[in-house]
Amino acid sequence: MAAKKQEKKVFNWEGKDRSGKTVKGETSALSSALVKTQLRTQGINPTKVVQQRKSLLAGKGSSIKPMDIAIFTRQLATMMKAGVPLVQAFDIVAEGLANESMKELVQKIKVEVEGGSSFAYAIRQHPLYFDDLFCNLVDSGEQSGALETMLDRIATYKEKTEALKSKLKKAMNYPIAVIVISVVVTSILLIKVVPQFEEVFAGFGAELPAFTKMVVNLSEFVQEWWFIILLGIIAAGFSFSQTLKRSEKARHQMDRLLLKAPIVGGIIYQSAVARFSRTLSTTFAAGVPLVEALTSVAGAAGNVVFMEAINTIKEDVSSGTQLNYSMKQTGLFPPMCLQMVSIGEESGALDEMLDKVATHYETEVDNAVDGLTSLMEPIIMSVLGVLVGGLIIAMYLPIFQLGKAVM
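Residues numbered from 1 in each chain as written. Predicted model: local features only at pLDDT ≥ 70, side-chain atom pairs only at ≥ 80, totals over all residues. Heavy atoms only, no water.

1. Let's talk about the pattern of salt bridges
Applying the stated criterion to the full structure yields eight salt bridges. K81 is the salt-bridge partner of D152, the closest N and O atoms lying 3.7 Å from each other. Of the two residues, D152 is situated in helix α8 (residues 147-202) and K81 in helix α3 (residues 66-81); the sequence distance between them amounts to 71 residues. Overall, the relative accessible area of 23% leaves D152 in the partly exposed class. Residue R278 is joined to D355 by a salt bridge in which the shortest nitrogen-to-oxygen separation is 2.5 Å. Placement of the pair is R278 in helix α11 (residues 264-285) and D355 in helix α16 (residues 350-406), with a sequence separation of 77 residues. (Salt bridge = Lys/Arg side-chain N within 4 Å of Asp/Glu carboxyl O. Helix = DSSP H or I, 4+ residues; strand = E, 2+ residues; numbered from the N terminus. Buried < 20%, exposed > 50% of the residue type's maximum accessible area, 1.4 Å probe, protein only.)

2. With respect to the packing of aromatic side chains
Evaluated as defined, the whole model comprises eight aromatic pairs. Between the aromatic rings of F90 and F119, the centroid separation amounts to 5.5 Å while the plane-to-plane angle is 65°, which identifies the pairing as edge-to-face. You can see F90 sitting in helix α4 (residues 86-95) and its partner F119 sitting in helix α6 (residues 119-124), a full 29 residues away along the chain. F119 shares its class with F90; the two are buried. These aromatic residues form a ring-pair network of at least three members: F72, F90, F119, F130 and F134. (Phe/Tyr/Trp six-rings, centres within 6.5 Å; stacked < 30°, edge-to-face > 60°.)

3. Thoughts on helix α13 (residues 304-318)
Along its 15 residues, α13 runs 21 Å from first to last C-alpha, staying within 8% of the 21 Å computed at 1.5 Å per residue. When α13 is considered as a whole, its buried residues turn out to be V304, F306, A309, I310, I313 and V317. Among the structural elements, α10 (248-260), α11, α12 (290-299) and α14 (323-330) are those in contact with the buried residues of α13. The backbone nitrogen of V305 has a side-chain oxygen 2.9 Å away, supplied by the residue at the start of α13, namely N303. Remark: G320 follows α13 within two positions and exhibits a positive phi of approximately 105°. (Expected span 1.5 Å × (residues − 1). Contact = heavy atoms within 4.5 Å. Polar contact = N/O pair within 3.5 Å; in protein donor to acceptor, adjacent residues only side chain to side chain.)

4. With respect to empty space enclosed by the protein
The rolling of a water-molecule-sized probe over the atoms marks out the regions of remaining empty space. According to the stated counting rule, one finds one cavity of 30 Å³ or more in the structure shown. The space that makes up the largest cavity amounts to roughly 30 Å³. Considering the residues around the largest cavity, the lining is formed by L133, N136, L137, T283, V288, E292 and S296. Counting only elements with at least two residues in the lining of the largest cavity, the list comes to α7 (132-144) and α12. Broken down by element, the residue count for the lining of the largest cavity peaks at three residues, all from α7. Grouping the amino acids of the lining of the largest cavity by side-chain chemistry returns three nonpolar, three polar and one charged. (1 Å grid on protein atoms, 1.4 Å probe; cavity = no way out; pocket = protein on both sides within 12 Å on 5 of 7 lines; lining within 4 Å. Points joined across faces, edges and corners; volume = space filled by probe spheres on them. Nonpolar A, V, L, I, M, F, W, Y, C, P; charged D, E, K, R; others polar.)

5. A short note on the layout of surface pockets
If you add up the space inside the largest pocket, you get close to 1,000 Å³. At the level of elements, α7, α8, α10, α11 and α12 are the ones that each hand at least two residues to the lining of the largest pocket. When residues in the lining of the largest pocket are grouped by element, the largest group, 10 residues, is from α8. Of the residues contributing to the lining of the largest pocket, the split by class is 17 nonpolar, seven polar and nine charged.

6. As for a nonpolar patch on the surface
A cluster of nonpolar side chains, namely L218, F221, W225, W226, F227, I228, I229, L230, L231, I233 and I234, defines an oily patch on the protein surface of about 1,100 Å² accessible area. In this fold, I233 is placed in helix α9 (residues 210-246). (Patch = residues over 30% accessible without salt bridge, like charges linked within 9 Å, V, L, I, M, F, W, Y side chains within 5 Å. Areas by Shrake-Rupley, 256 points an atom, 1.4 Å probe, with all protein chains shown as cover.)

7. Considering α10
With 13 residues, α10 should reach 18 Å at 1.5 Å per residue; the first-to-last C-alpha distance of 19 Å fits that figure. Of the positions making up α10, those classed as buried are H252, D255 and L259. End-on view of α10: buried residues confined to an arc of 55°, all on one side of the axis. α10 presents K249 and K260 as exposed residues on the side facing more than 90 degrees away from its buried surface. Turning to α10, the residues buried within the fold contact α11 and α13. (Arc of directions from axis to C-beta.)

8. Describing the nonpolar core
F119 and L323 are the most contacted members of the largest nonpolar core, which has 78 residues in total. Sorting elements by how many residues they give to this core places α16 first, with 11 residues. Setting aside anything within four residues of it in sequence, one finds L323 in contact with L280, L290, L294, I313, V317, V341, E345 and L350. In this structure, V194, F197, V216 and M395 belong to the second largest nonpolar core, which totals 11 residues. (Core = buried A, V, L, I, M, F, W, Y, C linked by side-chain atoms within 4.5 Å.)

9. What about the confidence of the model for the chain?
Of all residues in the chain, 92% have pLDDT values of 70 or greater, and the mean over the chain is 81. Mean pLDDT values over the elements of the chain span from 43, in helix α2 (residues 57-60), up to 91, in helix α15 (residues 335-347). Segment residues 1-5 is flagged for pLDDT under 50; beyond a separation of four residues in sequence, or across chains, it makes one contact in the model. Predicted confidence for residues 55-61 stays below pLDDT 50, and this span has eight contacts to residues more than four positions away or in other chains. (pLDDT = per-residue confidence, 0-100.)

10. Details of the environment of Y269
Within the secondary structure, Y269 is located in helix α11. Take Y269: its relative accessible area is 23%, and that puts it in the partly exposed class. Put simply, Y269 and F333 are 64 residues apart on the chain and 9.3 Å apart in space, counted from C-alpha to C-alpha. Beyond its immediate sequence surroundings of up to four residues, Y269 is in contact with L259, F306, L332, F333 and P334. Within the local environment of Y269, its side chain forms a polar contact with the backbone oxygen of L332, the two atoms lying 2.5 Å apart.

Written out as structure tokens, the structure reads:
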């Protein structure tokens, strides 16, 4: 059986240099003995070497978000373009970070690089924050000696991708907001307002209209079972989220349903085309072979329908089929995208054409989300108006009938 690979640990150390001056630092190594050996080769006599414990700040700091990684990449690219050495750039970037968790992550990467590891190896130790695409591009940049240029491309890619995700979330949040607001307003009216009218109706001694009866019965049901209903909604939401997390089949089915959803489905489709174009443009421009680039693109597709189509395209391209023809066979990509890819293949500027396609569809998503925002505002008002107005009418119908009877 193969021996388990030993992981490096971070050690804080203190010692004296050749001039007798006390120096401190941290180093990544397999053991404290190796740290001491490494320090002695540097002319430092170690007096204390202690393994670094997990920082309590990591638990108190904010979680690391993809946008934090994008900002870190952009700052690192800027530092390196200015001629700042990589290790020193880590220190400068870390000092300017407000997120303690992100600052600790940068310091861990710095320790790995200081210990002799490559930047690509260092970030591969943190797969939760740096995906295979990011690591492969950094590795490609280091191998070609153009790391600062590659970091700039990665930063642009991450910024554009996160901006697209943000717009997509915004589009998805509006329908959810309509439903939540409607449920909350209706519940308040049924639990707090309708019972007040019910007490008044009790003294009428006359039969209530059918619409009013329905609302009163619904109010009584909600008052009696509101806690069970609330628990049921929470349980259903939790079960749904857990099903999506644990079941690949459920996630795939949801991806297919979202693409067919009215209004929102079009935005999701355009964002998937934009993500495909942006990822393929970035990887291909970095010198990654097309077939290998398509593997990364499939992993970053974000939708199973597109992932399956891209995997089919990869198989076709690896057997000698042109990219634009294979994309056309899937029946998934829009004509504009196909034409631009065809021009890019013929002119030898595929990455540039894909970049233009990505920019176009990112703009389309932006416009669609803005349009959805403008559309949803009157829809929200209309839904609330119907709910509130309907309940008010139901409550006042008996009063109107009583007025007619008196007249």
